[in-house]
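If you want the building blocks of each chain, they are given just below.
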Amino acid sequence: MFDYSWGAQQLAPQQKRELRRVPAERDMVLEDVESGWVGAVVRIERVGGMITVALEDRSGRTKSFPLGFGFLLDGEPIELVPPQRKPPTGSLRSASGSVVVQDHRAREARASRIWVEGKHDAELVEKVWGHDLRVEGIVVEPLHGVDDLAGLVREFAPGPKRRLGVLVDHLVPGSKESRIADEAMRVPGASGNLLVVGHPYVDVWQAIKPQVIGIESWPVVPRGLDWKTGILRGLGWPHESQADVADGWKRLLGAVRTYADLEPSLLGRVEEVIDFLTADGG
């Protein structure tokens, strides 16, 4: 039976060369022999010139280790090496599913804009649609709230070559947000030049499919509790401070790879806004 007590430093050079070299892959379950930590690979990153692998255990905790010796895969000692880059085949696809435009310099920014409610919304849109937006020369700007949307639209002064698309959280019939959107659409110059759309979720976090982080549905947040704090508490993640919220969002955003990780109710609205802003050269 294999002795779990040995560490990477105990392997003789000849032994190291004989171990199978295995490229690190997402969701691969590994054990770090020296610490006994067992977890699934959630990311591989370069830190200070060293490539590390982050392993997430059953409780959702993560710990990073340098690639190399000292890992077990299905009980077998291996040398963990960086993932192999696969050569491109056929047309490359961006995270949004569009065909990647090769050797394309970012277009000069249009006067038109996409407004979203906050920083997290902007980061999610950029991660999935960033390539498309740079090709089209569209800038995404966070508003940090839409309570005075009509005033902001009036100041922006939309027009045929200066269109504005706004993505609003919790835009459902009868909500405060729907009344705000209706008021903004009545601003002079808005007709045909302003599009306000939204998704039904309280926060853009919910537009990420819960299966992306290994759960079937988002936790229910008790009334009166800050929504993000409640979500993090329900997930069993740190939730006591704004730093915890920032770390929680970073973890969620890091789990998103492509448009397939997002709910259709968000996908359709973002695509609708991009089409609106680029129609007829707008």
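Everything numeric in this text was worked out from a predicted model, so none of it was measured.

Student: Would you explain the layout of surface pockets in this entry?
Tutor: Any empty space left between the atoms is revealed when a probe the size of a water molecule rolls over them. In this structure, the largest pocket spans a volume of roughly 960 Å³. Together, 33 residues line the largest pocket, and V42, R43, E56, T62 and R251 are the ones closest to its centre. Those elements giving two or more residues to the lining of the largest pocket turn out to be strand 3 (38-47), helix 5 (227-235) and helix 6 (242-255). Ranked by the residues each element gives to the lining of the largest pocket, the list is headed by helix 6, at eight residues. There is about 340 Å³ of room inside the second largest pocket. Lining the second largest pocket we find 19 residues, and of these E117, D169, V202, D203 and K228 sit closest to its centre. Those elements that provide at least two residues to the lining of the second largest pocket are helix 2 (119-136), helix 4 (176-185) and helix 5. Looking at the lining of the second largest pocket, its residues break down into five nonpolar, four polar and ten charged.

Student: Honestly, the nonpolar core in this entry has me stumped. Any pointers?
Tutor: Inside soluble globular proteins, nonpolar side chains tend to come together where they are buried. Formed by 40 residues in total, the largest nonpolar core has its most connected members in L124, W129, W205, I208 and L262. Listing elements by their share of this core, those giving two or more residues are strand 8 (113-116), helix 2, strand 11 (194-198), helix 5, helix 6 and helix 7 (264-278). Take this core: its biggest share by element is seven residues, from helix 7. Ignoring anything within four residues of it in the chain, the contact list for W205 reads H120, W218, W227, K228, I231, L232, V245, W249 and L252.

Student: Would you mind showing me how to read the confidence of the model for the protein here?
Tutor: Interpretation of this model should avoid reading the predicted coordinates in detail wherever pLDDT is low. Model confidence for the protein is summarised by a mean pLDDT of 85, while 83% of its residues fall at 70 or above. When pLDDT is averaged over each element of the protein, helix 3 (residues 149-156) comes out on top at 96 and helix 1 (residues 13-18) at the bottom at 51. Considering only residues more than four positions removed or in separate chains, one finds that residues 1-16, a stretch of pLDDT under 50, has 21 contacts.

Student: Would you mind going over the packing of aromatic side chains with me for this structure?
Tutor: The description of two aromatic rings rests on the distance between their centres and on the angle between their planes. Scanning the entire structure with this criterion turns up four aromatic pairs. Taken together, a centroid distance of 5.5 Å and an interplanar angle of 75 degrees make the contact between W115 and F156 edge-to-face. Here the residue W115 occupies a position in strand 8, and F156 occupies one in helix 3, the gap between them amounting to 41 residues. Exposure remark for F156: the relative accessible area of 10% places this residue in the buried category.

Rules of the game
Residues numbered from 1 in each chain as written. Predicted model: local features only at pLDDT ≥ 70, side-chain atom pairs only at ≥ 80, totals over all residues. Heavy atoms only, no water. 1 Å grid on protein atoms, 1.4 Å probe; cavity = no way out; pocket = protein on both sides within 12 Å on 5 of 7 lines; lining within 4 Å. Points joined across faces, edges and corners; volume = space filled by probe spheres on them. Helix = DSSP H or I, 4+ residues; strand = E, 2+ residues; numbered from the N terminus. Nonpolar A, V, L, I, M, F, W, Y, C, P; charged D, E, K, R; others polar. Core = buried A, V, L, I, M, F, W, Y, C linked by side-chain atoms within 4.5 Å. Buried < 20%, exposed > 50% of the residue type's maximum accessible area, 1.4 Å probe, protein only. Contact = heavy atoms within 4.5 Å. pLDDT = per-residue confidence, 0-100. Phe/Tyr/Trp six-rings, centres within 6.5 Å; stacked < 30°, edge-to-face > 60°.

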